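Structure assessment
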Amino acid sequence: MNANAIAPSQAVLSLNVNGERTQVGADLHDTLLTVLRDRMQLTAAKRGCNQGVCGACTISVDGVPMRACLSLAHNCEDAEVLTLEGLQENPRMRALQLAFARTGAFQCGFCTPGMLVSAQALLERNPQPDEQAVRLALSGNLCRCTGYVKIVQAVQGAARALAHEGDGQ
Ligand code: FES
Ligand code: FES
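Residues numbered from 1 in each chain as written. Chains lettered and ligands numbered in written order. Predicted model: local features only at pLDDT ≥ 70, side-chain atom pairs only at ≥ 80, totals over all residues. Heavy atoms only, no water.

1. Section: the overall build of the protein chain
- The helix and strand inventory of the protein chain stands at five helices and five strands.
- When the helices and strands of the protein chain are listed from N to C terminus, the series reads β-β-α-β-β-β-α-α-α-α.
- For 169 residues, the compact-globule estimate of 2.2 N^0.38 gives 15 Å, and the C-alpha radius of gyration of the protein chain, at 16 Å, lies within 12% of that figure.
- Considering only C-alpha atoms, the protein chain reaches an extent of 55 × 35 × 20 Å along its principal axes.
- Buried residues in the protein chain amount to 49% of all 169 residues.
- As displayed, the protein chain offers around 8,600 Å² of accessible surface, 50% of which is attributable to carbon and sulfur atoms.
- For the protein chain, the distance from the average site of its 14 positive side-chain charges to the average site of its 15 negative ones is 9 Å. (Helix = DSSP H or I, 4+ residues; strand = E, 2+ residues; numbered from the N terminus. Rg over C-alpha atoms; globule rule 2.2 N^0.38 Å. Buried < 20%, exposed > 50% of the residue type's maximum accessible area, 1.4 Å probe, protein only. Areas by Shrake-Rupley, 256 points an atom, 1.4 Å probe, with all protein chains shown as cover. Lys, Arg positive; Asp, Glu negative; His and termini not counted. Charge placed at Lys NZ, Arg CZ, Asp CG, Glu CD.)

2. A look at the sheet that holds strand β5 (residues 80-82)
- One open sheet holds the five strands; their spatial order is β2-β1-β5-β3-β4, and the pairing between them is mixed. Taken across any chain shown, the strands that pair with only one partner, and hence form the sheet edges, are β2 (20-26) and β4 (64-67). Each strand of the sheet is rotated relative to its neighbour by a mean of 45 degrees, with strand direction disregarded.
- Across two bridges, strand β1 (residues 11-17) lies against β5 in parallel orientation. Directly across from N16, in β5, lies its bridge partner E80.
- The strands that helix α1 (residues 32-39) touches are β1, β2, β3 (58-61) and β5; relative to β2, the one it contacts most, it runs at about 95 degrees.
- Across the face of the sheet, helix α3 (residues 112-125) comes into contact with β3 and β4 while running at roughly 35 degrees to β3. (Pairing = 2+ DSSP bridges. Axes fitted to C-alpha atoms, helices over the stretch in contact; angles between N-to-C directions. Contact = heavy atoms within 4.5 Å.)

3. With respect to the domain arrangement of the protein chain
- Here the protein chain is described as being made up of domain 1 (11-83) and domain 2 (88-166).
- If you average the C-alpha positions of domain 1 and of domain 2, the two centres end up 22 Å apart.
- With 14 residues of domain 1 in contact, the opposing surface of domain 2 contributes nine residues.
- Summing both partners gives a buried area of about 840 Å² for domain 1 against domain 2, and 65% of it is carried by carbon and sulfur.
- Three residues stand out in domain 1 for area buried against domain 2, namely K46, T58 and P65, and they jointly supply 40% of the buried area on that side.
- Inspection of the region where domain 1 meets domain 2 yields zero salt bridges.
- Where domain 1 packs against domain 2, one counts four residue pairs in polar contact (both at pLDDT 80 or more).
- When contributions to the side of domain 1 that touches domain 2 are tallied by element, the ones reaching two or more residues are β3 and β4.
- Among the elements that take part in the side of domain 1 that touches domain 2, β3 stands out by supplying three residues, more than any other. (Domains from an automatic or database assignment. Buried area = accessible area lost by both parts, 1.4 Å probe. Salt bridge = Lys/Arg side-chain N within 4 Å of Asp/Glu carboxyl O. Polar contact = N/O pair within 3.5 Å; in protein donor to acceptor, adjacent residues only side chain to side chain.)

4. Here we look at the layout of surface pockets
- Its boundaries defined by the atoms lining it, the largest pocket holds a volume of some 230 Å³.
- As for the largest pocket, its lining consists of G48, V53, C54, A56, C108, F110, C111, L142, C143, R144 and C145.
- Residues lining the lining of the largest pocket come from more than one domain, with at least three contributed by each of domain 1 (11-83) and domain 2 (88-166). (1 Å grid on protein atoms, 1.4 Å probe; cavity = no way out; pocket = protein on both sides within 12 Å on 5 of 7 lines; lining within 4 Å. Points joined across faces, edges and corners; volume = space filled by probe spheres on them.)

5. Concerning the side chain of K46
- On the secondary structure map, K46 appears in the loop between α1 and β3.
- One polar contact links the side chain of K46 to the main-chain carbonyl oxygen of T43, over a distance of 2.8 Å.
- Setting aside anything within four residues of it in sequence, one finds K46 in contact with L33, R37, A56, C57, F110 and P113.

6. A few points about unusual backbone geometry
- The residue Q41 is not glycine, and still its phi comes out positive at about 60 degrees.
- Along the chain, Q41 turns up in the loop between α1 and β3.
- Assessed through its relative accessible area of 52%, Q41 is described here as exposed.

Shown next, in the form of structure tokens:
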């Protein structure tokens, strides 16, 4: 897939994003966040602080939550990049989204995509996290609206729902 027109000044990157190998034009200094949002129109990852503080841009790189605003796109050609758009069919992500909605775990929602990516990675490695583990996993994702209580409840609620589903199989 050719995601955009490539300007003469740009290099052609070959990125594996959401399971698809994509050719995209990018300047050498472009961050992964710029390429995803501005060149590939994948806008779930948000540009909050753009300097590595808020976590709104969190995506998954080789299964690890990363700040897309701190990652140079050119360094990611060999990586498997997943954005929230590419995690929609993941059962843990579906359970998290349902739990966030049911619990009222967001207000403005700007932080929520990054929270969800971090929470999904947590549930992959720890299916039943206690409150401390949830808070630690989300410690790099800042929210100015909710006070975190409902976010933590939502992540633990998703974990319980997934365990319940597993029991029923
Ligand atoms: S936008 Fe990347 S950490 Fe804030
Ligand atoms: S819901 Fe607004 S910043 Fe988190």
